[in-house]
Amino acid sequence: MASEDKSKPAVLIVEDEPLIRMEAVDMIIDAGFKTYEAGSADRAIAMMELHDDIGILFTDIDMPGTMDGLKLAAYVRNRWPPVAIIIASGVVELERTSLPEGSAFFPKPYATSQITKTLHDIAVRLH
Amino acid sequence: MNDPQAVLPQKQKSALNLTMSVAILAPRGRDAEVARQLLDKENIASVVAPSIEKLTHYVQNQIGAVLVAEEALIGTEIEALQHSLQMQPPWSDVPFIVLANGTASSRSAAAKLRMDALRNAVLLSRPLHAEELVRAIRSALNARTRQYEARERMVKLEFREQQLYESEAKFHAIADSVDQMIWSTLPDGYHDYYNRRWYEFTGVPDGSTDGEAWNGMFHPDDQERAWSKWRHSLATGDPYEIEYRLKHRSGDYRWVLGRAQPVRSSTGEIIRWYGSCTDIHKIKIAEEQRQLMLAEMNHRVKNTLAMVHAIVSQTLRQADSLQDAQASIQSRIGMMAQAHDRLIQSTWTETKIDEVVEAALVPHRSGQGHFKVEGPDLPIGSKQALALTMALHELATNAAKYGALSIAAGKIHIYWDIIDQGENAVFEFNWVESKGPKVEQPSRRGFGSRMIEQALAGYFNGSAELSYKTEGLSFVLKSLSKGLTD
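Residues numbered from 1 in each chain as written. Chains lettered and ligands numbered in written order. Predicted model: local features only at pLDDT ≥ 70, side-chain atom pairs only at ≥ 80, totals over all residues.

A.B. asks: What's the story with the overall build of chain B in this structure? I'm lost.
C.D. replies: For chain B, the count of helices and strands is 13 helices and 17 strands. Looking at chain B as a whole, 27% of its 486 residues qualify as buried. Sequence-distant contacts in chain B: of pairs separated by 6 or more residues, those separated by 24 or more amount to 62%. (Helix = DSSP H or I, 4+ residues; strand = E, 2+ residues; numbered from the N terminus. Buried ≥ 20, exposed ≤ 12 C-beta atoms within 10 Å, placed from the backbone. Contact = placed C-beta atoms within 7 Å.)

A.B. asks: Could you clarify how one ought to interpret the environment of B:Pro442 in this entry?
C.D. replies: All names here are of chain B. Summarising the element assignment, Pro442 is placed in the loop between strand 15 (426–434) and helix 13 (447–460). Residue Pro442 is classed as partly exposed on the basis of its 14 C-beta neighbours within 10 Å. C-alpha of Pro442 to C-alpha of Tyr468: the two residues are 26 residues apart in sequence and 8.8 Å apart in space.

A.B. asks: Can you walk me through the environment of B:Gln82 in this structure?
C.D. replies: Residue and element names in this part refer to chain B. Tracing the backbone shows Gln82 in helix 4 (residues 77–86). Its 18 C-beta neighbours within 10 Å are what place Gln82 among the partly exposed residues. Put simply, Gln82 and Arg119 are 37 residues apart on the chain and 9.2 Å apart in space, counted from C-alpha to C-alpha.

A.B. asks: Explain the interface of chain A and chain B here, please?
C.D. replies: The interface of chain A with chain B comprises 14 residues on the first partner and 17 residues on the second. Among the residues making up the side of chain A that touches chain B, the classes are represented as six nonpolar, two polar and six charged. (Nonpolar A, V, L, I, M, F, W, Y, C, P; charged D, E, K, R; others polar.)

A.B. asks: Just to check I follow, could you spell out the confidence of the model for chain B for this structure?
C.D. replies: Residues and elements named next belong to chain B. Chain-level statistics for chain B give a pLDDT mean of 88 and a share of 93% at 70 or above. Across residues 4–8, where pLDDT falls below 50, the model places one contact with residues more than four positions away in sequence or in other chains. Contacts of residues 11–15 to residues separated by more than four positions or lying in other chains number six contacts, the stretch itself having pLDDT below 50. For this predicted complex, the interface confidence score (ipTM) comes to 0.71, while the overall pTM stands at 0.54. (pLDDT = per-residue confidence, 0-100.)

A.B. asks: It is not clear to me how the pairing of strand 15 of chain B should be interpreted in this structure. Could you clarify?
C.D. replies: A regular strand carries its side chains on alternate faces of the sheet. Residue and element names in this part refer to chain B. Across the two faces of strand 15 the burial differs, with Phe427, Phe429, Trp431 and Glu433 buried and Val426, Glu428, Asn430, Val432 and Ser434 not buried at all. What sits between strand 14 (residues 411–419) and strand 15 in their antiparallel hairpin is a turn of six residues, with Asp420 showing a positive phi close to 70 degrees. With seven bridges joining them, strand 15 and strand 17 (residues 473–480) adopt antiparallel strand pairing. Bridge pairing in strand 17 places Trp431 opposite Phe475. (Pairing = 2+ DSSP bridges.)

A.B. asks: Help me understand the nonpolar core, please; the structure alone is not making it clear to me.
C.D. replies: As a rule of thumb, nonpolar side chains are buried together in soluble globular proteins. In this structure, A:Leu12, A:Ile28, A:Phe58, B:Ala391 and B:Leu456 are the most contacted members of the largest nonpolar core, which totals 76 residues. The dominant element in this core, judged by the number of residues it contributes, is helix 12 (residues 382–402) of chain B, at 10 residues. Not counting the four nearest positions on each side in its chain, A:Ile28 is found in contact with A:Val11, A:Ile13, A:Phe33, A:Thr35, A:Phe58 and A:Leu119. By size, the runner-up hydrophobic cluster in this structure holds 31 residues, among which are B:Ala49, B:Leu67, B:Leu81 and B:Ala140. (Core = buried A, V, L, I, M, F, W, Y, C linked by C-beta atoms within 7 Å.)

A.B. asks: What is the right way to read the packing of helix 2 (residues 31–41) of chain B against helix 6 (residues 130–177) of chain B from this model?
C.D. replies: Working note: a packed helix pair is described by the angle between its axes plus the distance between those axes. Residue and element names in this part refer to chain B. Two elements in contact, helix 2 and helix 6, have axes separated by 10 Å at closest approach and are oriented at 65 degrees. On the basis of their axis angle, the class for helix 2 and helix 6 is roughly perpendicular. Handedness of the helix 2/helix 6 crossing: right-handed. Judged by residue contacts, Ala35, Leu38 and Leu39 of helix 2 engage Ala130, Leu133, Val134 and Ile137 from helix 6. Split by residue class, the contact of helix 2 with helix 6 holds seven nonpolar, no polar and no charged. (Axes fitted to C-alpha atoms, helices over the stretch in contact; angles between N-to-C directions. Parallel < 35°, antiparallel > 145°, perpendicular 65-115°, else oblique. Left-handed = near helix turned anticlockwise from the far one by under 90°.)

A.B. asks: Please clarify how helix 8 (residues 220–236) of chain B should be interpreted in this entry.
C.D. replies: Given 3.6 residues to a turn, an α-helix orients residues that are three or four positions apart in the same direction. Residue and element names in this part refer to chain B. For helix 8, with 17 residues, the first-to-last C-alpha span of 25 Å sits near the 24 Å given by 1.5 Å per residue. Structurally, helix 8 contributes buried residues whose contacts are with strand 8 (240–247) and strand 9 (253–264). Of the residues trailing helix 8, Gly237 is marked for its positive phi of about 80 degrees. (Expected span 1.5 Å × (residues − 1).)

A.B. asks: Looking at this structure, how should I read helix 11 (residues 353–361) of chain B?
C.D. replies: Taken as a whole, helix 11 of chain B has its buried residues at B:Ile353, B:Val356, B:Val357 and B:Ala360. Buried residues in helix 11 of chain B, looked at end-on, bunch into an arc of 95 degrees, giving them a common side. (Arc of directions from axis to C-beta.)

A.B. asks: What's the story with the sheet that holds strand 14 of chain B in this structure? I'm lost.
C.D. replies: Picture the strands of a sheet paired through backbone hydrogen bonds; they go either parallel or antiparallel. All names here are of chain B. The five strands are arranged 12-14-15-17-16 in an open sheet whose pairing can be described as mixed. Both edges of this open sheet fall to strand 12 (371–374) and strand 16 (463–468), since each of them pairs with a single strand only. Strand-to-strand twist of the sheet, defined as the mean angle between neighbouring strand axes without regard to direction, takes the value 10 degrees. Alignment of strand 14 against strand 15, held across nine bridges, turns out to be antiparallel. Within strand 15, the residue paired with Trp416 across the bridge is Phe429.

Quick look at the structure:
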């Protein structure tokens, strides 16, 4: 595993399936980022409030609770504008207009290389 | 083709047809004979009645007209004649031509009465005048013909009325026996007919939905749409078809399919609309559920693929060799597939935890009495069942390689229960190894341990911990009891 790079933004991974979340965490740690994780939109917001080093939100769309991934992304964009957003989902029919502006979208299952590249591009941009 | 043999002489034909013949009753003198000859010359059929009795018989058999001498209208047989005349059907009025009794200049009261009793009689004076007689007879026969024609028309009318009545009865029998609701409107859309089924379905009083009141029976969200479709059909004659919710007598709304077709006159204008409503509620609900299920299935399949992706990826990360990786991947995915099969059998919803545990242990049982399994048969959700299966597989595989399953004396105690009741009820699952080889904390957390401590805990929304005690490895999973099935 690559060692954490403190100059890079931390990534918050939001995914309700524990196995898939675990895999996403591993993939992003391998890319050299510090990670936080949450299994629902509510927990994700709690994490955002707790840790101000989170610079990237990586979220699924289908989640339990009142907020799905799209609503969460809109909320985060509204409240913490500098945070970059990556949305990954298995949802088949998706209106591209419902994604926040400037966010990246990947259909599941996603290729690790593509995610890693996007993360690095974002890190460079936010630096 | 003209066959001369087929054409009967006019005289012969008429003689067979009483209805166009004249009966003659004039027994005295030569009047009867003279009259007969006169009529023959004019091609008018005639028949001589020898008595009043015979005349009465002719009257009963629809004779065309009667020529009678006044002096012959006496005697007791007159009563029978008079009675027959009274009993004529409403359309019939036998015309009489009476040869006046020339000897008397004024009639007695009785004689007048006898004449009146004939009902329809004209008087001719004697001696006979040929032209007077012939004209009178012709006139009488013409009038009689009109009577026959009127009767024909009436019979036809009565027949038509009967047919109409039967047709209506047939329509109602059919309309009320079919399973559909049937309704009908005037060309302007005014509803004036509903069959039995409509009233059975809606439970409303007869006639209460006539006119435009039908719209109130529709679900509020469907009323405007139905109205505009109906208006369009009325204006253009296009067939009407729409799915909407109709209020059932139980108070619930049910989906129905409404359809209607116009009926046109011979000149093409619409004279009526006939429509039906078919209850499609079950089909509609089934379709909605099917869509939901398809979406759900699609989602699950995608998630399953993502899980397989995670397993493969994780295993490759940790494996010492490609062979090692292959064996690990195969056994993990195999275990997942089996767990899936069991879930399909219990239709993706719930199974019991004791079944899950037993199934996961099957490949690891060797008959050597390693396992002691205790716990109530609690229901467990599909995701949790899958995660628990995989965790048990990891634990057992690990125990077979390094722990209690690697030596004959090794023991594994598996037990679970719900502690406390109500909102704070807690579910606890334990796996405790003993009498195995000495255990050491591993230097690296492999997929198995991460699966157990992180993923499994995540699925139960609780916490899990692996501890490497010197007696053996132990594992405990704790969560709120609702975490078993949520």
